[in-house]
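Spelled out, the chains give:
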Amino acid sequence: MSIKSLIINPGSTSTKIGVFEDENLLFEETLRHSTEEISRYAAIVDQKDFRKKIITDLLESKNFDMGSLNVVVGRGGMLKPISGGTYAVTDELLEDLKKGVQGQHASNLGGILAREFGDAIGVPAYIVDPVVVDELMPIARYSGMAEIPRGSIFHALNQKAVAKRYAREVGKSYESLRLIVVHMGGGVSVGAHVDGKVIDVFSAFDGDGAFSPERAGGVPCGALVKLCFSGKYTEQEIYGKLIGKGGFNAYLGTNDMREVTRRAGEGDEKAAEAKQAFLLQVAKDIGSMACVLNGEVDQIIVTGGIAYGADVIAALRERTEWIAPFTVYPGEDELLALAQGAMRVLNGEEKLMEY
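Now for a look at the structure at hand.

Cut-offs applied
- Residues numbered from 1 in each chain as written.
- Predicted model: local features only at pLDDT ≥ 70, side-chain atom pairs only at ≥ 80, totals over all residues.
- Heavy atoms only, no water.
- Helix = DSSP H or I, 4+ residues; strand = E, 2+ residues; numbered from the N terminus.
- Rg over C-alpha atoms; globule rule 2.2 N^0.38 Å.
- Contact = heavy atoms within 4.5 Å.
- Areas by Shrake-Rupley, 256 points an atom, 1.4 Å probe, with all protein chains shown as cover.
- Lys, Arg positive; Asp, Glu negative; His and termini not counted.
- Charge placed at Lys NZ, Arg CZ, Asp CG, Glu CD.
- Pairing = 2+ DSSP bridges.
- Axes fitted to C-alpha atoms, helices over the stretch in contact; angles between N-to-C directions.
- Parallel < 35°, antiparallel > 145°, perpendicular 65-115°, else oblique.
- Left-handed = near helix turned anticlockwise from the far one by under 90°.
- Salt bridge = Lys/Arg side-chain N within 4 Å of Asp/Glu carboxyl O.
- Buried < 20%, exposed > 50% of the residue type's maximum accessible area, 1.4 Å probe, protein only.
- Expected span 1.5 Å × (residues − 1).
- Core = buried A, V, L, I, M, F, W, Y, C linked by side-chain atoms within 4.5 Å.
- Nonpolar A, V, L, I, M, F, W, Y, C, P; charged D, E, K, R; others polar.

A word on the overall build of the protein. In terms of regular secondary structure, the protein is built from twelve helices and eleven strands. Here the C-alpha atoms of the protein give a radius of gyration of 20 Å, agreeing with the 20 Å that 2.2 N^0.38 yields for 355 residues. With the C-alpha coordinates aligned to their principal axes, the bounding extent of the protein is approximately 55 × 50 × 45 Å. Put simply, 68% of the contacts in the protein that link residues at least 6 apart link residues at least 24 apart. Entry remark: accessible area of the protein is about 16700 Å², with carbon and sulfur atoms responsible for 51%. Taken together, the 38 basic and 49 acidic charged side chains of the protein have centroids lying 3 Å from each other.

Positive phi outside glycine occurs at D22, with the angle close to 55°. Along the polypeptide, D22 turns up in the loop between β2 (14–21) and β3 (24–32).

This paragraph deals with the sheet that holds strand β1 (residues 4–10). Spatially, six strands are ordered β3-β2-β1-β4-β6-β5 in an open sheet, and the strand pairing comes out mixed. The open sheet terminates on both sides in strands that have one partner only, identified here as β3 and β5 (86–88). Strand-to-strand, the axes of this sheet are offset by a mean angle of 25°, without reference to chain direction. Inspection of the sheet shows β5 paired to strand β6 (residues 125–128) by three bridges, in the antiparallel sense. Among the inter-strand pairings, T86 is bridged to a residue of β6, identified as V128.

This next bit is on the environment of E95. Note on placement: E95 falls in helix α3 (residues 91–99). In this structure, the C-alpha to C-alpha distance between E95 and M145, residues 50 residues apart in sequence, is 32 Å.

With that settled, the discussion passes to the packing of α3 against helix α4 (residues 108–121). Remark: α3 packs on α4, axes separated minimally by 8 Å, with the N-to-C direction vectors making an angle of 135°. Classified by the angle their axes make, α3 and α4 are oblique. Where α3 crosses over α4, the handedness of that crossing is left-handed. Within the contact between the two elements, α3 uses D91, L94, L97 and K98 and α4 uses N108, G111, I112 and R115.

The subject of this paragraph is the pattern of salt bridges. Per the counting criterion, the structure on display carries 26 salt bridges. As a salt-bridge pair, D49 and K48 come within 2.9 Å of each other at their nearest N and O atoms. One salt bridge connects D96 with K80, and the closest N-O pair in it is separated by 3.9 Å. Of this pair, D96 sits in helix α3 while K80 sits in the loop between β4 (71–75) and β5, and the two are 16 residues apart along the sequence. Since its relative accessible area comes to 6%, D96 is described here as buried. Residue K80 is classed as partly exposed on the basis of its relative accessible area of 36%. Overlapping salt bridges bring together K48, D49, K52 and E116 as one network.

Mapping I3 onto the fold places it in the segment before β1. I3 sits in the buried class, given a relative accessible area of 5%. As for I3 and E23, which are separated by 20 residues in sequence, their C-alpha atoms are 8.7 Å apart. Excluding its chain neighbours within four sequence positions, the residues that come into contact with I3 are F20, E21, D22, N70, V71, M343, L346 and N347.

Between its first and last C-alpha atoms helix α5 (residues 156–170) spans 21 Å; for 15 residues at 1.5 Å apiece the expected length is 21 Å, and the two agree. Taken across its 15 residues, α5 has eleven buried, putting it largely inside the fold. Of all the residues in α5, the buried ones are A156, L157, N158, Q159, K160, A161, V162, A163, K164, Y166 and A167. Once α5 finishes, G171 follows within two positions and takes phi at roughly 75°, a positive value.

The next thing to look at is the nonpolar core. Counting residues in each nonpolar core, the largest one holds 37 residues, and the members touching the most others are I180, V182, M184, F278, V282 and I300. Going through the elements one at a time, β7 (178–184), β8 (188–194), β9 (197–202), α8 (248–252), α9 (257–265), α10 (269–292), β10 (299–304) and α11 (310–320) are the ones with two or more residues in this core. Looking at which element gives the most residues to this core, the answer is α10, with nine residues. Aside from chain neighbours lying at most four places away, what touches M184 is F278, V282, V302, T303, G304, G305, I306, A307, V312 and L316. Counting 34 residues, the second largest nonpolar core, distinct from the first, contains F27, L69, F117 and V123.

Helix-helix packing is described using two parameters, namely the angle between the two axes and the distance between the axes. Between helix α6 (residues 221–228) and helix α7 (residues 235–242), whose axes approach to 10 Å, the crossing angle comes to 145°. Contact residues: L224, L227 and C228 in α6; I238, K241 and L242 in α7. Among the residues making up the contact of α6 with α7, the classes are represented as five nonpolar, no polar and one charged.

Purely spatial values, then, with no claim about function.
In C-alpha cells form, the structure reads like this:
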C-alpha cells in the first residue's frame, strides 16, 4: 500500500509544504511571509494559527482531500539533544517545541503544525532528524574549557538523508559505512558518520569549523574575547557578526556563492581570495574528520546548494580526494528527506524513536 504524506517545513519568512505518495512528489508550494506579517507575533509559537490557516487555505484551493493522508511530517526544531531518527510528536516533544528548549527558531513550528493537522484527521505526526541530533562520541565533546562542552547542532536531516541515499545506491546499509558528509549552504557542517551515527561534527550553528556565506565559523577565541569586552558592541551585535553577518557577508557583503564566483571570475581579487580561503577551511574540516575515522573512509559525500558549483567541487577534490572517493548530491531536498523518514518507519525499515 502506498503512503501519502503532508510535509511541513517552516522557515523564518516562508513555509514550504509538499504532498508525497511514497517518494513521488504530488505537489509542493513555498508560501512566503512578509516581515510585516511575521513582526505581528511576539514569539515563534504565536505564529502557529497564522501559518496553519495559510496551509489550510492552500490545500483547500487545490481541492486536496486531507482524509487521504497517512501521516503528517514536520521539520524538527530546537529540542533537547537526541539521536537521529523519526520521532512521534508526543505531548512531551510538543511542549518542548513550544518552549524552544535550545532556542526559538521557525523550525519549532514544524512539529507543532504536524501534530495539529495529524490530530484533526486521526493520523500520526512525526519529525525527522532535527538540527539538534547529537550522537557525538564522548571524547568529541571536549572543547578545552570544562564549562563549555562541544555540542552538535548541524544539518542532520540533509546529512543523514544523503548518507542513506548513497548507501542505498551502492547496495549497503548506512550502518556499515564510514562516511564524511559535507553540507555547504548558508551554513557549513562536516560530519564523520560511522555505525549509523554522526560521532563528530563541525557544528554549523554558533562557532565551529569553516566560515560560510553568513556564519563566521571557528574564529580566534582570544581576539573574540577582546572584541566582546571592547565596549563597541552589544551581545546581540556580536552574535550578529558570528551568525548572519559573518563569513562571505563580512568579507564581501554577499551571502550568495554565485555572486562570489562571478566577482572572482571578473577579476575581483578579494572575492577570489575569500573563496579560496573558504575552500581551504572546508578541506581542512574534511581532513579532520578523516582523522576521526582513523583514515578509514569509504566515501566523501558533498551536498547543499554550494555543491552545484563545479569549480567548488573540483577544488575540494584536488585537496581531499586522496582520502576517499567523492559523491556529490547538490542541493538539499528537505521535503523528500522528511517524507522518506516517515516511510522508513511506516514500512518497518526503522523503529519509531521515543523522545
